[in-house]
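Remarks on the overall topology
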Amino acid sequence: MIKPSFASLDPVLFLQTFVLELLHACEQHGNPQEEYIEHIAHSAGRFFEESYRNDFELEAPLDVERYVDLILGLKNRIGGNFSLDSSEPGCVRVINTRCPFGEGVKNFPELCRMTSSVFGGIAARNFGYAKVDIAECIARDHGRCRVCIHLNREDARDQPGKEYLKPQESRQNREEISTLKSQIETQLHKLWLQTSKTKATKGNLPEPPGIIAESPPMRRMVKAIHKLAPTDATVLIQGETGVGKELIAKAIHAMSPRANRPFIAINCGAIPETLIESTLFGHEKGAFTGAIDIHQGVFERAEGGTLFLDEVDALSPAAQIRLLRVLQESEIERVGGRRVIHVDVRILAATNRNLEEVVREGDFREDLFFRIHVVRLSMPPLRRRTEDLPALVQLILQRLGKKYRRPISGVSRTVMDQIRHYAWPGNVRELENTLERSFLFSDEAELTHLDIAAPTNASPPSWRQLKEQVLTEAEKNYLLESLHHHRGNVDAVAQAMGLTPRSIYLKLKQHGLTAAAYRG
């Protein structure tokens, strides 16, 4: 980031700083910056559109040609160098080689989102829908800006970018998500009160749970929870370490008819292999050395409720066979027992691995995989939830303030920028630990320094990790070669790889590639 000097202060820099500090202040009070950027941009975009209509005496919705003329004229009149790159049915692409804000925009990349929202808001009002992707950006040192505006919802389904809807439709969507999220949090709070009663007597009352859902992936997760909770469907929750898979499982249970029955969570990877079957299914007295009494397993203890099996891929082959029988027949036998016990338990499972790959390696039964894979939810990593970061930070700081009885107002804009641009391999858990560490060493009411842990001399990667790295790199290299060979034609690349175009777009996004860069 360029460090601006006081001597270079001018009206543009003053207004940039003022706007961004205003947005940051809104974040500190729990109001998402994204919403304010959109609100400002939509209002400004409406003003620019009305001005354009007055000049040309237009009343009907803009057609594509008029729309392009408006957005190019808007940016060029304030000092940009925008031009039409291409226009095809359902998609407009524009490029820019000079930013209206000059080199100073590199200090304020957030302003590019305002451009995106102006373009998207005007398009949504006139065409009913838009998805805007800032594929390249001068603020990110790409040398130019390249913006793709998709106007057809179906064609844009697999494309990257931010969606814009008609104002009424957009407002209804926000209100719906807000209502669903509020219902989930209410039920989660009830579950928290039930499960924390015993801990309260020990003075170890945990914090009530909360779901942050400002980002599109988490909004989709909120909707999925509402659809799945009333059913008894077995759900597999996949996601990296620390993303909050157990919280999603608790939310499903809390919103289900089983909410008043037990919710039991168990980490299969933390149980010694010799005790897995006993832990899950219980054992009879004398079943093995040390079995001095009858022991109920978690299936019996979760009767009528929900059992959450985290790291389900760590189950031993014998335990997998027994679990398959439970899912098929709803009955168990204790270790060393001969009596069949019928159980009524809903299974929610989780893993941080690619379970299909584990099946191919022979470490997980395929028939069990299909049994627990009735529905799959993919919990997004924190790096794909950037819209959730301000609210997450605020929630964590509030809890830290209560825990250590020391008020804290928030974080500086510099720290928030660090948080946004760090990859967070440990996800929410790492963010919590980092903020707590920084909080403990801070003497100010606002965090102005982020103590991000430096990489440690970790042990060498496992064979599985090494293999995944090699496969990922090989896949990326093949994609690059195919894109070059087929000149960015995604359909041709998909045919060459034996996949669907949708899968190719997802892989391109995963590897940070864009097909358009290889066309022409």
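A brief structural summary. (Residues numbered from 1 in each chain as written. Predicted model: local features only at pLDDT ≥ 70, side-chain atom pairs only at ≥ 80, totals over all residues. Heavy atoms only, no water.)

It is worth spelling out the overall build of the chain at this point. A tally of regular secondary structure across the chain gives 19 helices and 14 strands. The burial tally for the chain puts 44% of its 520 residues in the buried class. For the chain, the proportion of contacts with a sequence separation of at least 24, taken over those separated by at least 6, is 68%. As presented, the chain carries roughly 27,500 Å² of accessible surface, and 52% of it is formed by carbon and sulfur atoms. (Helix = DSSP H or I, 4+ residues; strand = E, 2+ residues; numbered from the N terminus. Buried < 20%, exposed > 50% of the residue type's maximum accessible area, 1.4 Å probe, protein only. Contact = heavy atoms within 4.5 Å. Areas by Shrake-Rupley, 256 points an atom, 1.4 Å probe, with all protein chains shown as cover.)

Our focus in this paragraph is the pattern of salt bridges. What the rule picks out here adds up to 22 salt bridges. For Arg53, the salt bridge goes to Glu49, with nearest N and O atoms at 3.1 Å. Remark: Glu49 and Arg53 occur in helix H2 (residues 33-56); sequence separation between them is 4 residues, near one turn of the helix. According to the relative accessible area criterion, Arg53 is buried, its value standing at 14%. Across the pair Arg93 and Glu88 runs a salt bridge whose closest N-O atoms are separated by 3.1 Å. Overall, the relative accessible area of 12% leaves Arg93 in the buried class. Overall, the relative accessible area of 42% leaves Glu88 in the partly exposed class. (Salt bridge = Lys/Arg side-chain N within 4 Å of Asp/Glu carboxyl O.)

The next subject is the pairing of strand E6 (residues 235-238). The side-chain alternation of E6 yields two buried faces, one formed by Val235 and Ile237 and the other by Leu236 and Gln238. Bridge count for E6 against strand E11 (residues 346-351) is 4 bridges, and the pairing is parallel. Along E11, the bridge assignment pairs Val235 with Leu348. Sheet topology places E6 next to strand E12 (residues 375-378); 4 bridges connect them, and they run parallel. Looking at the pairing, Val235 lines up with Val375 of E12. (Pairing = 2+ DSSP bridges.)

Once that is clear, we can look at the sheet that holds E11. In space, the 5 strands of this open sheet follow the order E7-E8-E11-E6-E12, with parallel pairing throughout. Lying at the two open borders of the sheet, with one neighbouring strand each, are strand E7 (263-267) and E12. Strand after strand, the sheet turns through a mean of 20 degrees between neighbouring axes, direction not considered. Its contacts with the sheet put helix H7 (residues 216-228) on E6, E11 and E12, and the angle it makes with E12 is roughly 155 degrees. (Axes fitted to C-alpha atoms, helices over the stretch in contact; angles between N-to-C directions.)

In this section: the sheet that holds strand E1 (residues 82-88). Overall, antiparallel pairing links the 5 strands, which are arranged E1-E2-E4-E3-E5 in an open sheet. In this open sheet, the two edge strands, each paired with only one partner strand, are E1 and strand E5 (162-165). Across the sheet, the axes of successive neighbouring strands diverge by a mean angle of 20 degrees, strand direction being ignored. Looking at chain direction, strand E3 (residues 129-136) and strand E4 (residues 145-150) are connected through 5 bridges and run antiparallel. Looking across to E4, one finds that Ile134 is bridged to Val147. Along the sheet, helix H3 (residues 64-76) contacts E1, strand E2 (91-96) and E4; its crossing angle with E1, the most-contacted strand, is approximately 160 degrees. Docked against the sheet, helix H4 (residues 111-127) engages E1, E2, E3, E4 and E5, running at close to 155 degrees with respect to E3.

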